Amino acid sequence: MLSAILALGALAAVFGIVLGYATIRFKVEGDPLADKVDAILPQTQCGQCGYPGCRPYAEAIADNRADINQCPPGGETVILALAELLDRDPKPLNAENGVAKEETTVAVIDEQVCIGCTLCIQACPVDAILGAAKQMHTVIESECTGCELCVPPCPVDCIAMIPVKEHYLTWKWPFPDMPKTTTEPEK
Amino acid sequence: MKRRRLWKFHGGVHLPQQKTISTTMPVHAAQLPKRLVLPLHQHIGASAKAVVEVGDNVLKGELIAHASGYVSAPIHAPSSGTVVAIADHPIPHPSGLHAPCIVIETDGEERWVEARPYDDYLHMDPSHLRNLVREAGIVGLGGAGFPSYIKLNPGADKVIDTLILNGAECEPFITCDDMLMREQPEQIVEGLHILQHALRAKRCIIALEDNKPEAYTALSAAVAKSERCNIIEIVQIPTIFPAGGEKQLIKVLTGKEVPHDGLPLHIGLVIQNVATCAAIHRAINLGQPLISRYVTITGGGVSQPRNLEVLIGTPIQELLEQCGALDIEPQRLIMGGPMMGIAVHTSSAPIIKTSNCVIAATDDDLPSPQPVMPCIRCGACADACPALLLPQQLYWYARAKNLERIQEINLFDCIECGCCSHVCPSHIPLVQYFRFAKTEIWSQEREKERADLARQRHDSRLERIEREKAERAARLQKKKQALKERSAGDSSKKAAIAAAVKRAQEKKARQQTKEPSANEEDSSQ
């Protein structure tokens, strides 16, 4: 009896020490789950999810504080990817956060109207607007994520969201028409 | 001569050839069009960059756009004239979208730039030879349009055992390589010598399907006349689609398989199209860049289907007119063959370097797609697939948009030959699904890159804001410090004043003590 208790106690002590050492030695810096979630999010930094950027939303999802269906720019693709990563059930986009955009857009400043107030520059989450006080501003198209955060602050309403023109090198083959019959077995 | 052993590749289909309709007439040059439209992107890789401006006069063969990057090719003016526009124009592309093109209005004089032939290529360094091929703007003319000079650069340690010339031309309707082999076999053999020299290849094989006996005879005669005929072998292979696919042809000729993530180079082979080979001959021996090619104009929509030698940039419309375009509606235009070709949305689109054939198709040529039925899992597609894939499984994943799993079962090994769609008893457009999946995957990769860039920019913005905040705080701190110091300085002055006052008072007190008693009350004040 006593020997068994001693043996188990000794084992427990040894494993405890090993585990305790391992937690210190192999400590993971940061939050790996939040990183993974952040990698899936589209990085528009638009704040439509209710968090100030993609990273805070990713942290909220990782902490189970937020649902996975609050990202309109990501749409269905992001929801499905998050559902698979977190092993949750996919659900439709939360309408409170907005609607998924049909096409990608970029901000364009009407340079004739711009008064150079810099308010849009302060609003842009990715520093994609170029300009200085009382100088005309312009959007760097290739850097613009289409988040629309620059539109409301503009006092003269000179920023428009323009759909990105389709380019033949980035063109996608359309999804073929599905057969009409419904008897097809689903995989 | 000993008959060469041939192998078989998996799958493939036998198709009605439809080739004889366009081989009855000899090839001659197409009429010079009024306008030539040259897309800046005619090859795999980066688009060329225009070096001419609107209003410039150009000579035939003059460089008008230079290659930008390693995988790219320059473009030359196919005829003399004036650059009238550098703007978006319809191109032969399945999207029907427009792309930047250089438009040249021809002057009809066909004045050449000074040609610089190099007849002494045997004493030329292979790297120099490669550069000449690059400068001539030569890309694979079989359809893919891969810049040819890259294939001529196997690396110093690679030994090229066999150089294969691909004259299989396995798709129905297309006969441009057949006619080239019949009419210009000397050019092909000359080009082959240049390639052999550049690659130091031990042996050369010219491979063509056994449905081209005239080409075989012509090539045999040309090879017999050439001085190094002992290393050149002409091989006729059985006619089965897609025997002209690079990996399939290699399998048939050598029994070897090109590794899934490798190139023919890795198993000691280099494979070039016969038309590319003739273009290399013209570039080196005649000093002419790639400005024209043989194009088959065929199908029920034209009264005289034939092959023409066409300047790159000639609008399809003009070629159709020269071959007697009939007014058959609806006329579908296909560039390439019926299996792998693409629909052209407008006949104003030009012939580009990779355009081998234009089919003005009637319903007799290409029946309209039949109604799609559910998959019955018969497996005929897998039997027909020359890339040894499982088209049915790929189809399910593509339908479910499961883009991860579809890559695991090697979607990107699909050569889009269309055998699976052809044999499918349910008429499922399988290749359409695979094309969709491929472009969707590329698009998601681009999205990912964009997202990463946005994240990086957002992070650096936050960092910047943080830094500015810290800097402002530091400035404020400094100011406070300065103010404090100043006020501290003030207090020392005050102290000095106070001390002075004290001293004065003490002095006064001392004086008062010397003058006794009367003023004692005053001093205490």
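About the criteria used
- Here the residue numbering is sequential within each chain, running from 1 through the sequence in written order.
- For this description, chains carry letters from A and ligands carry numbers from 1, given in the order in which they are written.
- Owing to the predicted nature of the model, reporting of local features is limited to residues with pLDDT of at least 70; listing and counting of side-chain atom pairs is limited to 80 or more, with chain, interface and lining totals taken over all residues.
- Side-chain measures were taken over the full set of non-hydrogen atoms in the model, leaving aside hydrogen atoms and water.
- Going along the chain from the N terminus, every DSSP run of H or I of four or more residues is numbered as a helix, and every run of E of two or more is numbered as a strand.
- We compute the radius of gyration from the C-alpha atoms alone; for a globule the expected value is 2.2 Å times N to the 0.38, where N is the number of residues.
- Residue burial considers only the protein chains on display, and all accessible areas are found by Shrake-Rupley using a 1.4 Å probe.
- Per-residue accessibility, obtained with a 1.4 Å probe over protein chains only, is compared with the maximum for each type, and a residue is labelled buried under 20%, exposed over 50%, and partly exposed between these values.
- Pairs of N or O atoms are called polar contacts if they sit within 3.5 Å, as long as, within protein, a hydrogen donor faces a hydrogen acceptor (for residues adjacent in sequence, only side-chain-to-side-chain pairs).
- Contact criterion: two residues are considered in contact whenever any of their non-hydrogen atoms come within 4.5 Å of each other.
- Accessible-area loss on putting two parts together, using a 1.4 Å probe and summing over both, is the definition of buried area adopted here.
- What counts as a salt bridge is simple: a side-chain nitrogen of Lys or Arg found within 4 Å of a carboxyl oxygen of Asp or Glu.
- By the convention used here, strands pair only if DSSP detects at least 2 bridges between them.
- Interaxial angle, 0 to 180 degrees, is taken between N-to-C directions of lines fitted to C-alpha atoms, where a helix line uses only the stretch in contact.
- Where each domain starts and ends follows an automatic or database-derived domain assignment.
- Think of it as three bins: nonpolar holds Ala, Val, Leu, Ile, Met, Phe, Trp, Tyr, Cys and Pro, charged holds Asp, Glu, Lys and Arg, and polar takes everything else, Gly as well.
- Only residues whose relative accessible area exceeds 30% and that form no salt bridge are eligible for patches; like-charged ones are grouped when within 9 Å, while nonpolar side chains (Val, Leu, Ile, Met, Phe, Trp, Tyr) are grouped when within 5 Å.
- Residues counted as positive are Lys and Arg, residues counted as negative are Asp and Glu, and His and the chain ends are not counted.
- Here the site of a charge means atom NZ of a Lys, CZ of an Arg, CG of an Asp or CD of a Glu.
- The labels follow the angle: roughly parallel below 35 degrees, roughly antiparallel above 145, roughly perpendicular from 65 to 115, and oblique for the rest.
- Should the near helix be turned anticlockwise from the far one by less than a right angle, the crossing is termed left-handed; should it be turned clockwise, right-handed.
- Each residue carries a pLDDT score, the predictor's confidence in it, ranging from 0 to 100.

Draft legend 1. Layout of the overall build of chain B. When you go through chain B residue by residue, the secondary structure sums to 14 helices and 17 strands. In terms of C-alpha radius of gyration, chain B reaches 37 Å, well past the compact-globule figure of 24 Å for 525 residues. In terms of overall dimensions, chain B has C-alpha extents of about 150 × 65 × 55 Å along its principal axes. For chain B, the accessible surface area stands at approximately 25,400 Å², while carbon and sulfur atoms represent 53% of it.

Draft legend 2. Inspection of the side chain of histidine 197 of chain B at higher detail. All names here are of chain B. In this fold, histidine 197 is placed in helix H4 (residues 185-199). Using a relative accessible area of 10% as the deciding quantity, one classes histidine 197 as buried. In this structure the side chain of histidine 197 is engaged in a polar contact, spanning 3.4 Å, whose partner is the backbone oxygen of leucine 122. Dropping the residues within four chain positions of it, histidine 197 is found in contact with Tyr121, Leu122, Met124 and Leu129.

Draft legend 3. How the structure looks around the interface of chain A and chain B. With 40 residues of chain A in contact, the opposing surface of chain B contributes 42 residues. Both sides together, the interface formed by chain A and chain B hides about 3,600 Å², and carbon and sulfur atoms give 56% of it. Counting across the interface, chain A meets chain B through 5 salt bridges. Across the pair arginine 461 of chain B and aspartate 127 of chain A runs a salt bridge whose closest N-O atoms are separated by 3.3 Å. Scanning the region where chain A abuts chain B turns up 14 residue pairs in polar contact (both at pLDDT 80 or more). Those elements that provide at least two residues to the side of chain A that touches chain B are helix H2 (32-40) and helix H5 (119-123) of chain A.

Draft legend 4. A look at the sheet that holds strand E14 (residues 306-311) of chain B. Residues and elements named next belong to chain B. Within the open sheet, the 6 strands sit side by side as E1-E14-E13-E17-E15-E16. Their pairing is mixed. With partners counted over all chains shown, the strands left at the sheet margins are strand E1 (28-29) and strand E16 (342-344), one partner each. Pairing analysis gives 2 bridges linking E1 to E14, with the strands arranged parallel. Bridging across to E14, alanine 29 finds its partner in glutamate 309. Contacting strand E13 (292-298) and E14, helix H3 (residues 176-183) crosses the sheet at an angle of about 125° to E13.

Draft legend 5. Quick peek at the domain arrangement of chain B. All names here are of chain B. Once the domains are mapped, chain B shows domain 1 (20-357) and domain 2 (380-439). Taken over C-alpha atoms, the centre of domain 1 sits 29 Å from the centre of domain 2. Residue-level contacts link 8 residues of domain 1 with 12 residues of domain 2. In total, domain 1 and domain 2 occlude about 750 Å² of area from one another, counting both sides; carbon and sulfur atoms represent 55% of this. Ranking the residues of domain 1 by area buried against domain 2 places His260, Met339 and Met340 at the top, with a combined share of 52%. Where domain 1 meets domain 2, there are 0 salt bridges. Here domain 1 and domain 2 share 2 residue pairs in polar contact (both at pLDDT 80 or more) between them. When its residues are assigned to classes, the side of domain 1 that touches domain 2 shows 4 nonpolar, 3 polar and 1 charged.

Draft legend 6. Layout of the pattern of salt bridges. Scanning all chains against the criterion turns up 29 salt bridges over all chains. Where aspartate 452 of chain B meets arginine 455 of chain B, a salt bridge forms, and the shortest distance between an N and an O atom there is 2.9 Å. Here aspartate 452 of chain B pairs with arginine 455 of chain B, and both are found in helix H13 (residues 430-514), just 3 residues apart, close to one helical turn. One connected set of salt bridges, linked through shared partners, spans Asp35, Asp38, Arg55 and Glu59 of chain A together with Lys448, Asp452 and Arg455 of chain B.

Draft legend 7. A look at the domain arrangement of chain A. Residue and element names in this part refer to chain A. For chain A, the assigned domains are domain 1 (32-97) and domain 2 (102-165). Centre-to-centre, using C-alpha coordinates, domain 1 lies 25 Å away from domain 2. Residue-level contacts link 4 residues of domain 1 with 5 residues of domain 2. On the domain 1 side of the interface with domain 2, the three residues burying the most area are Thr44, Gln45 and Cys46, jointly 88% of the side's total. Our count for the domain 1 to domain 2 interface comes out at 0 salt bridges. For the interface between domain 1 and domain 2, the tally reads 1 residue pair in polar contact (both at pLDDT 80 or more). Here the residues of the side of domain 1 that touches domain 2 are counted per class, giving 1 nonpolar, 3 polar and no charged.

Draft legend 8. Inspection of H3 of chain B at higher detail. With 6 of 8 residues buried, H3 of chain B lies mostly within the body of the structure. Those residues of H3 of chain B that sit buried are Cys176, Asp177, Asp178, Met179, Leu180 and Met181 of chain B.

Draft legend 9. A positive patch on the surface, seen in detail. Where like charges cluster on the molecular surface, the positive patch consists of Lys469, Arg472, Arg475 and Lys479 of chain B. Taking relative accessible area as the criterion, lysine 479 of chain B reaches 64% and is therefore assigned exposed.

Draft legend 10. Expanded view of the packing of H2 of chain A against helix H3 (residues 54-62) of chain A. All names here are of chain A. Where H2 meets H3, the closest approach of the two axes is 8 Å, and the angle between their N-to-C directions is 125°. With respect to H3, the element H2 is oriented oblique. Considering the relative orientation of H2 and H3, their crossing is right-handed. In this structure, H2 uses Leu33, Ala34, Asp35, Val37 and Asp38 to contact H3, whose residues at the interface are Cys54, Arg55, Ala58, Glu59, Ile61 and Ala62. Counted by class, the contact of H2 with H3 contains 7 nonpolar, no polar and 4 charged residues.

Draft legend 11. Quick peek at the confidence of the model for chain A. Per-residue pLDDT for chain A has a mean of 88; in total, 95% of the residues score no lower than 70. Ignoring residues within four places in sequence, the model shows residues 181-187 of chain A, a span with pLDDT below 50, making 13 contacts including any to other chains.

Draft legend 12. Looking closely at the sheet that holds strand E10 (residues 203-209) of chain B. All names here are of chain B. One open sheet holds the 4 strands; their spatial order is E11-E10-E9-E12, and the pairing between them is parallel. Either end of the sheet is taken by a strand with one partner, and the two such strands are strand E11 (232-237) and strand E12 (269-273). Each adjacent strand pair in this sheet contributes to an overall mean axis angle of 25°, direction not counted. Note that strand E9 (residues 162-166) and E10 share 5 bridges and pair parallel. Bridging from a neighbouring strand, leucine 163 pairs with cysteine 204 of E10. In the packing of helix H7 (residues 274-286) onto the sheet, the strands contacted are E9, E10 and E12, and the crossing angle to E12 comes to about 85°.

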